[in-house]
Amino acid sequence: MKTAELQAIYVMWIRQMKKFVRSKSRIVVTIVQPLFFLFILGAGFSSISMPGLGENVEFIHFFAPGIVAMSILFSSMFAGISVLWDKQFGFLQEVLVAPVSRISIIIGRTLGGATTALIQGFIILFIAIGIGTPISGVTGFILTIIFMILISFSAVGFGLILASKMQDFQSFPIIMNLIIMPLLFLSSAFFPVSENETLLTIAYFNPLFYMVDGLRGSMLGIDNSVIQNPLLSLGIVSTICIVMLLIGSYLFSKSEA
Amino acid sequence: MKLKKPLLYYNKHIDRFINKIRITKNKYSGEKNLDIIKITNLTKKFDKITAVEKVSFVVKKGEVFGFLGPNGAGKTTTIKMLTTLLNPTEGTATIAGYDIIKQRNQVRKNIGIVFQEPAIDTDLTGEENLEYHARMYGMNKDERKKRIEEILDLVDLQEKRKVLVKNYSGGMKRRLEIARGLMHYPTVLFLDEPTLGLDAQTRRAIWEYIKKMNKEGQTTIFLTTHYMDEADYLCDRVGIIDHGKILILDDISNLKNSVGRDVITLACDDLNKLRNKLEEKNWISKIKQHETTLTLGVEKGDEKIPIIIEIAQKINVKIKSISVRKPTLDDVFLSYTGRTIRDDEQKNNLGNSMPPRSRGGHH
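The rules behind the values
- Residues numbered from 1 in each chain as written.
- Chains lettered and ligands numbered in written order.
- Predicted model: local features only at pLDDT ≥ 70, side-chain atom pairs only at ≥ 80, totals over all residues.
- Heavy atoms only, no water.
- Helix = DSSP H or I, 4+ residues; strand = E, 2+ residues; numbered from the N terminus.
- Rg over C-alpha atoms; globule rule 2.2 N^0.38 Å.
- Buried < 20%, exposed > 50% of the residue type's maximum accessible area, 1.4 Å probe, protein only.
- Pairing = 2+ DSSP bridges.
- Axes fitted to C-alpha atoms, helices over the stretch in contact; angles between N-to-C directions.
- Contact = heavy atoms within 4.5 Å.
- Buried area = accessible area lost by both parts, 1.4 Å probe.
- Salt bridge = Lys/Arg side-chain N within 4 Å of Asp/Glu carboxyl O.

(A) Broad picture of the overall build of chain A. Along chain A, the regular secondary structure elements total 11 helices and 0 strands. Overall, chain A shows an N-to-C arrangement of helices and strands of α-α-α-α-α-α-α-α-α-α-α. In terms of overall size, chain A behaves like a compact globule, its C-alpha atoms giving a radius of gyration of 19 Å where 257 residues would be expected to give roughly 18 Å. Taken along the three principal axes of its C-alpha coordinates, chain A extends 60 × 35 × 35 Å. Counting only residues that meet the buried cut, chain A has 54% of its 257 residues in that class.

(B) Seen up close, the sheet that holds strand β13 (residues 294-298) of chain B. All names here are of chain B. Taken in spatial order, the 4 strands make up an open sheet running β12-β13-β11-β14, and their pairing is antiparallel. Every other strand in the sheet has two partners, leaving β12 (284-289) and β14 (319-325) as the edge strands with one partner each. Taken pair by pair, the neighbouring strands of this sheet meet at an average axis angle of 15°, ignoring direction. Running over the sheet, helix α10 (residues 271-278) touches β11 (262-268), β12 and β13 and is turned about 160° from β12.

(C) Local environment of the interface of chain A and chain B. The partner chain B presents 29 residues to the 23 residues of chain A that form the contact. For the pair chain A and chain B, the two sides together bury roughly 2500 Å², of which 53% comes from carbon and sulfur. It is E94(A), V97(A) and P99(A) in chain A that bury the most area against chain B; as a group they hold 26% of the surface buried on that side. Viewed at the interface, chain B and chain A are joined by 6 salt bridges. Here D121(B) makes a salt bridge to K19(A), at a shortest N to O gap of 3.0 Å.

(D) Main features of unusual backbone geometry. All names here are of chain B. One non-glycine residue, K54, lies in the positive phi region at around 45°. Inspection of the secondary structure puts K54 in strand β2 (residues 49-60). With phi around 70°, T84 is a residue other than glycine that occupies positive phi space. As for its position among the elements, T84 is in the loop between α2 (75-82) and β4 (90-95).

(E) Expanded view of the sheet that holds β2(B). Residues and elements named next belong to chain B. Here 4 strands make up an open sheet; going across it, the order is β2-β1-β4-β5 and the pairing antiparallel. The outermost strands of the open sheet, each flanked by one partner alone, are β2 and β5 (98-99). Bridge analysis of β4 against β5 gives 2 bridges, and the strand direction is antiparallel. When the bridges of β5 are listed, I95 appears paired with Y98.

Below, the structure is given as structure tokens:
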């Protein structure tokens, strides 16, 4: 690959890192919000006996992978959608007239978005481990990281798709509330779906379900996931990830500034 | 704002900078090509609206070319096509010999652009914006470092280099953008309304940069503007575009002469009567009637004033006022489009001042 292309990837990446580090409020919000969920909801539900949690599993430990997935999903998606900011503030034009391929720009943006999201994801993960969430072992931990990366890239891809279809940010809250939140509720992030036949059937059509379930299986041990074959979840999530990235990059490369 | 310094101060910087460019220039400028931009039948249609229609012309190497027209005439669309941001519906163009459709990357390497709307990342510092730009244009570390110093000196932003761009004033942002456009030694620099929304002093300073850049750095400059004084001051040749079509394209002096060596503007109580009479005179090269005035293109205007007054008296027309002046680009614009660019602006302003609700339904 030519140096200019590598430079473009680096520029798109470092730019997002710098902006991320500089926006203190964004860091606080994106880390504090999932912690609120984890501790407040976690504390509230821990006193209720919930079927489907598995033996000797406390609710907050069941909940932890769900919150890790949620925080990665939200910040990656936002990173993808932030292309829209560049479009509105004109910076996208500057990038698009540079003598580099759009693929490099997409790679750089995706890496940048994924890196910032994963930093947040890891902070939540370590806090969760800190409060006693068990980790099933070395293989489990490695699988956890792989799932986190896949979730992140899929969500950046989804964000890119939204960004190339949206004209402004007005439709963003609608998409969040009418599409992402229901999918998240049905993903077993907040409560087990395995006890209810209808919910479980719907969950099988929900891409987020495979992500959350796979992440939980890797973290807490395979007994805690609905799909008992980690390779199957991994395969499905990888496929989702590739499809999202391909569509996202295709649409981005077609967009005119 | 740090622009209170006299222009000489900038000129000193510019001179130093230009000398550096002159040395490094050959490395970047490519082959000698007299027609640096060659546009053939360039057309862009959006749904049913034709924004640019069969535009053809050439821009010569080293000149400052001005693309004039009222808002919405097709200037920015043309620039976007030339800079590979939009695909033409029909026709094509070459820049420095490279086709804007088939050789995008070569074209992109040869051009610098200052967009109409700000296109800088305001969450980064001025220096970071320049640094990242240089990286994407494949400049190595030493080149980057050297060039950033030069260019920050040129636009007098050394002291603000580590400041986030969101804390810059409008003029400082514009200077940074011009600096960025020049970072990679472009053969052609596109400036889309470079002084839009700037105060008079900053405009002057930016004009000086542009002029010097062109004269001694030999960068070809393609600028769009709807300020006639800007075009008059900066450009060698101008093209006037309206409703997506080129109306006229020539040297500024030729265009002005085409209106007449001198322009006489007069107001009287019976415009039609006087006009009919004056049309018989062959020493008047052009007559235009406006709402309350007549403009006449003539030679040696001051000698013609008494003659005109005499003619008017003979047919009992009372002249209220009469004046003679050298033609400006405004006159040229008026004579080719039938209206002044200010008329258009007034119309636009009226449109904009309408309550937003009554303008709904566009989107």
